[in-house]
Amino acid sequence: MNFKELFASLFSYATEDLGIDLGTANTLVYAEGRGIVLREPSVVAVDSETGTDLAVGEEAQRMLGRTPASITAIRPLRDGVIADYDLTQAMLRYFISKASSKRFAFRRVVVGIPSGVTEVERLAVIEACRKAGAGQAFVIEEPMAAAIGSGLPVSEPTGSLIVDIGGGTTEVAIISLAGIVAARSIRVAGDELDEAVANYVRRAFNLYIGERSAEKAKIEVGAAYPLETELTTEVRGRDLVTGLPRSCVISSEDVRVAIQDQLAAIVEAVKLTLETSPPELSADIIHRGIFLAGGGALLRGLDRLISDETGIPVLIANDPLGCVVLGAGRVLAAIRENPQLRKVLVKSN
Ligand code: ADP
Ligand code: MG
């Protein structure tokens, strides 16, 4: 063993590999050998008077919508891009240090980023990871990570179509031979659905509800397709006429009507991506089906709606909320076994 090899083996012994899903709604961290070690909302609470960060993640989430005027809870990635670089970095530093095992001296991280991000944003993520304590940082496009995490045969010459519906963006991508052949990213995803529910309740019931209540209603009774047995839930808010607190009962059908335009936009993005697909890959996709990932994949009946609209079978990933981080976390180990996969890493430092 020469010096270089000795150094490399010592380095790998002292290094922990972390996969990070830096989502607009949730950040997850996967550690080789320990599994998913962190799942927290991508939120930072800031005191706007002093400009200091007060809390990150779950603790900050609890402050959302309940803060005194001087404290704001910010989602630094809200629309799928890094809206606030300093806060993203502070958040990453907190999550990396919270998730890291103290047994290792160095950390090497792979971060999933939306496929639409610019070169500048990509470098900003890498820079943020390094400043947050990572010795080495790589990025991988989220749809690729989701496909690897769902166990799709990404390095084979067969087409896979993955639709990742997160908080801020929906990413549609066709993958073959460890590359993204066609992709589309739209800013219509979970957050827009919540907003549509809140708007509907305001119009139909004269009730003003916050985004967290709207999200809760969407998750509890929301459906993309008429349900056999209707579900209902109570939402609380402020009466627009009297200004007083009031509640009302809304049904799955209410939510379905409220979000139909947003769902149509998601279906349209899938169709447009299919239209740009090379014919051989389309044939693979018709045969193998469309895979849904991200929190939005859990909306009742969304698989059926997309299947009806495209005529292609639709499957939901095993762990829709975890597949991106699983893919990111496993990628370094996977590359050791299958060097062809190396090209899934978009950019390293
Ligand atoms: P991101 O990758 O952008 O962080 P996630 O994949 O974590 O986003 O998904 C978060 C989104 O999924 C949120 O908008 C949330 O409301 C939505 N979501 C989570 N669970 C459900 C559910 N059961 N039904 C519908 N939407 C859901
Ligand atoms: Mg995501």
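Residues numbered from 1 in each chain as written. Chains lettered and ligands numbered in written order. Predicted model: local features only at pLDDT ≥ 70, side-chain atom pairs only at ≥ 80, totals over all residues. Heavy atoms only, no water.

Caption draft 1: A look at the sheet that holds strand β5 (residues 52-56). A sheet is described by the order of its strands in space; here three strands give the open sequence β5-β4-β6, paired in antiparallel fashion. Each edge of the sheet is formed by a strand with only one pairing partner; in this case those strands are β5 and β6 (71-74). Strand after strand, the sheet turns through a mean of 30 degrees between neighbouring axes, direction not considered. In this sheet, β5 lies alongside strand β4 (residues 44-47) in antiparallel orientation, the contact comprising four bridges. Bridge assignment links Ala45 to a residue of β5, and that residue is Ala55. Across the sheet, helix α3 (residues 85-99) touches β4, β5 and β6, and the angle it forms with β5 is around 45 degrees. (Pairing = 2+ DSSP bridges. Helix = DSSP H or I, 4+ residues; strand = E, 2+ residues; numbered from the N terminus. Axes fitted to C-alpha atoms, helices over the stretch in contact; angles between N-to-C directions. Contact = heavy atoms within 4.5 Å.)

Caption draft 2: Looking closely at unusual backbone geometry. With a phi close to 50 degrees, Leu177 is a non-glycine residue in the positive phi region. Within the secondary structure, Leu177 is located in the loop between β10 (170-176) and β11 (179-186). The class of Leu177 is partly exposed, set by a relative accessible area of 38%. One non-glycine residue, Ala178, lies in the positive phi region at around 60 degrees. Looking at the secondary structure, you find Ala178 in the loop between β10 and β11. The buried category is assigned to Ala178, whose relative accessible area is 3%. (Buried < 20%, exposed > 50% of the residue type's maximum accessible area, 1.4 Å probe, protein only.)

Caption draft 3: Expanded view of the sheet that holds strand β14 (residues 245-251). If you trace the three strands from one edge of the open sheet to the other, you get β12-β13-β14, paired in antiparallel fashion. Single-partner strands in this sheet number two, and they are β12 (207-208) and β14. Bridge count between β12 and strand β13 (residues 232-239): two bridges; the pairing is antiparallel. Bridging across to β13, Leu207 finds its partner in Asp239. Across the sheet, helix α6 (residues 190-205) touches β12 and β14, and the angle it forms with β14 is around 105 degrees.

Caption draft 4: Expanded view of the pairing of strand β1 (residues 15-22). The buried fraction of β1 amounts to eight of the eight residues, a majority that puts the element mostly inside the structure. The alternating pattern of β1 places Thr15, Asp17, Gly19 and Asp21 on one face and Glu16, Leu18, Ile20 and Leu22 on the opposite face, and all of these are buried. Note: β1 against strand β7 (residues 106-113), seven bridges, orientation parallel. Its bridge partner being in β7, Asp17 is matched across the sheet by Arg108. Sheet topology places β1 next to strand β2 (residues 26-31); five bridges connect them, and they run antiparallel. The residue bridging Ile20 from the neighbouring strand is Val29, located in β2.

Caption draft 5: Focus on helix α10 (residues 279-288). Taken as a whole, α10 has its buried residues at Leu281, Ser282 and Ile285. Down the axis of α10, the buried set is contained in an arc of 105 degrees. They therefore lie on one face. Away from the buried face of α10 by more than 90 degrees, exposed residues Pro279, Glu280 and His287 are located. Tucked into the core, α10 has its buried residues touching β9 (160-165), β10, β11, α9 (260-275) and β15 (290-293). Looking one or two places after α10, you find Gly289, whose phi comes out positive at around 95 degrees. (Arc of directions from axis to C-beta.)

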